[in-house]
Amino acid sequence: MEVFLSSFILYFLFSFLVSHGISIFVQLAAGLLLVATVSYATLALGKKVMAFSLALFLALVAASLLSWEFGILLGLAGIQFIFIFLPMHAERKGISLFAEYGVRVPAAVPAFFRLALRCLLLLGVLAISYVLLILLLSQLGLNDLSNITAVLGRIPLYLILVPALTTAFAEEIFFRGFLLRRFGILASSVLFMFSHVAYGSLTELAVAFLAGLIFCAYVKRTRDLTAPIIVHFAVNALSIAVNYGLLRFLVGL
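Undergrad: Looking at this structure, I do not really get the confidence of the model for the protein. What am I missing?
TA: A residue-level look at the protein finds 65% of positions with pLDDT of 70 or above and a mean pLDDT of 76. For the protein, helix α12 (residues 246-252) is the element with the lowest average pLDDT, namely 48, and helix α10 (residues 202-222) is the one with the highest, namely 94. Note that pLDDT drops below 50 for residues 247-253; the model gives that stretch 2 contacts with residues more than four away or on any other chain.

Undergrad: Where do I start with the pattern of salt bridges in this structure?
TA: Two side chains carrying opposite charge are able to pair once their charged atoms lie near each other. Scanning all chains against the criterion turns up 4 salt bridges. Close ionic contact of E100 with R181 constitutes a salt bridge, the shortest N to O distance being 3.0 Å. Of this pair, E100 sits in helix α5 (residues 96-101) while R181 sits in helix α8 (residues 157-183), and the two are 81 residues apart along the sequence. Take E100: its relative accessible area is 34%, and that puts it in the partly exposed class. With a relative accessible area of 47%, R181 lands in the partly exposed category. Several salt bridges converge on common partners, so that one network encompasses K93, E100 and R181.

Undergrad: Explain helix α6 (residues 109-139) to me, please; I cannot follow it from the model alone.
TA: Each full turn of the α-helix corresponds to 3.6 residues, which orients residues three or four apart in the same direction. The end-to-end C-alpha distance of α6 is 45 Å, a good match for the 45 Å that 31 residues give at a rise of 1.5 Å each. Listing the buried residues of α6 in full gives L115, C119, L122, L126, S129, L133, I134 and L137. Summarising the contacts, the buried residues of α6 are in contact with α10 and α11 (226-243). One or two steps after α6, the chain reaches G141, where phi turns positive at roughly 75°.

Undergrad: It is not clear to me how the packing of aromatic side chains should be interpreted in this structure. Could you clarify?
TA: How two aromatic rings sit relative to each other is set out by the distance from centre to centre and by the angle between their planes. Counted under the stated rule, the structure contains 5 aromatic pairs. Centroid distance F112 to F113: 5.8 Å. Interplanar angle 75°. Geometry classified as edge-to-face. Each ring, one from F175 and one from F192, has its centre 5.2 Å from the other, and the planes form 70°; the classification is edge-to-face. Of this pair, F175 sits in helix α8 while F192 is found in helix α9 (residues 185-194), placing the two residues 17 residues apart along the sequence. By way of ring pairs, the aromatic residues F174, F175, F178 and F192 are connected into one cluster. Lying over the aromatic face of F192, R176 brings its terminal NZ or CZ to 4.1 Å of the ring centre.

Cut-offs applied
Residues numbered from 1 in each chain as written. Predicted model: local features only at pLDDT ≥ 70, side-chain atom pairs only at ≥ 80, totals over all residues. Heavy atoms only, no water. pLDDT = per-residue confidence, 0-100. Helix = DSSP H or I, 4+ residues; strand = E, 2+ residues; numbered from the N terminus. Contact = heavy atoms within 4.5 Å. Salt bridge = Lys/Arg side-chain N within 4 Å of Asp/Glu carboxyl O. Buried < 20%, exposed > 50% of the residue type's maximum accessible area, 1.4 Å probe, protein only. Expected span 1.5 Å × (residues − 1). Phe/Tyr/Trp six-rings, centres within 6.5 Å; stacked < 30°, edge-to-face > 60°. Lys NZ or Arg CZ within 6 Å of the ring centre and 35° of its normal.

Here is the structure:
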C-alpha cells in the first residue's frame with residue numbers, strides 16, 4: 001500500500017509541475033521531494049529498484065535545470081516505467097504478468113475479428129458516454145475543454161507525441177491491471193481521474209473518471225486488457241490530432 005500511495009503522489013506532483021510551469025527553484029525542490037518519495041516507495045522492493053529510482057529522478061531534476069522540455073520528456077518516460085515496473089515487482093512476476101492481466105495477441109483470424117469487434121463496441125460506448133457528458137457539463141456551464149488545448153499548447157508536439165501514444169499500455173497495465181485487481185473499480189477510476197489533473201480541466205477529470213469506470217467494467221467482465229489498450233491508444237492519437245491541428249491538416253490533404 002505504501003508503494004502504491006508514494007508512486008501516485010509522485011505522479012501527482014509531476015503533473016502539478018507540468019501544468020503550472022513554476023520557477024526552476026521550486027522545480028528543484030519538488031524534484032528532490034520526488035526522489036525522497038520514490039526512495040520511500042521502493043524500500044519494499046529492494047536496493048536495486050531504489051537505486052534506479054533515485055538515479056531516474058535525479059536525472060529529472062538535472063534535466064529540468066537544463067531545459068523544461070527535457071524535464072517533461074524524462075518525467076513522462078519515468079512515470080510510464082513506474083506504471084509497468086511497480087506491478088511486476090509488487091506481484092513478483094516478469095512479463096508473464098501482462099498475460100495474467102489480460103494482454104493477449106490474437107493467434108488466429110477469428111480471435112482477431114472478435115478483438116476488433118470488442119474494440120469497436122468499447123469505442124462506441126466511450127464515444128456516446130463522452131458526448132452525453134459534454135452536453136451535461138455544457139448545460140451546467142462547466143465545460144472547460146479549452147484548458148486542455150492551452151496546456152498542450154505549451155508542450156511541443158515532438159515531446160508529447162511518443163509518450164502520449166505509449167502511455168496507453170502503461171496506464172492500462174497500472175490502472176486496469178494492477179489497481180483494479182487490488183483496490184476495485186471505484187478506487188482505480190478515481191485515481192485514474194486524478195492522474196489527469198495536469199490539464200487543469202474539470203471536464204478532463206470527469207471524462208477520465210467516466211472512461212475509467214467503463215474500462216474497469218469491461219475488464220472485470222471480459223478479463224481482456226488488449227481492447228482497452230488499443231482503444232486508449234486510439235483516443236490519445238485522436239486527441240493529439242485534434243489539439244495540435246493535425247486532423248485539419250490531414251483532412252485538407
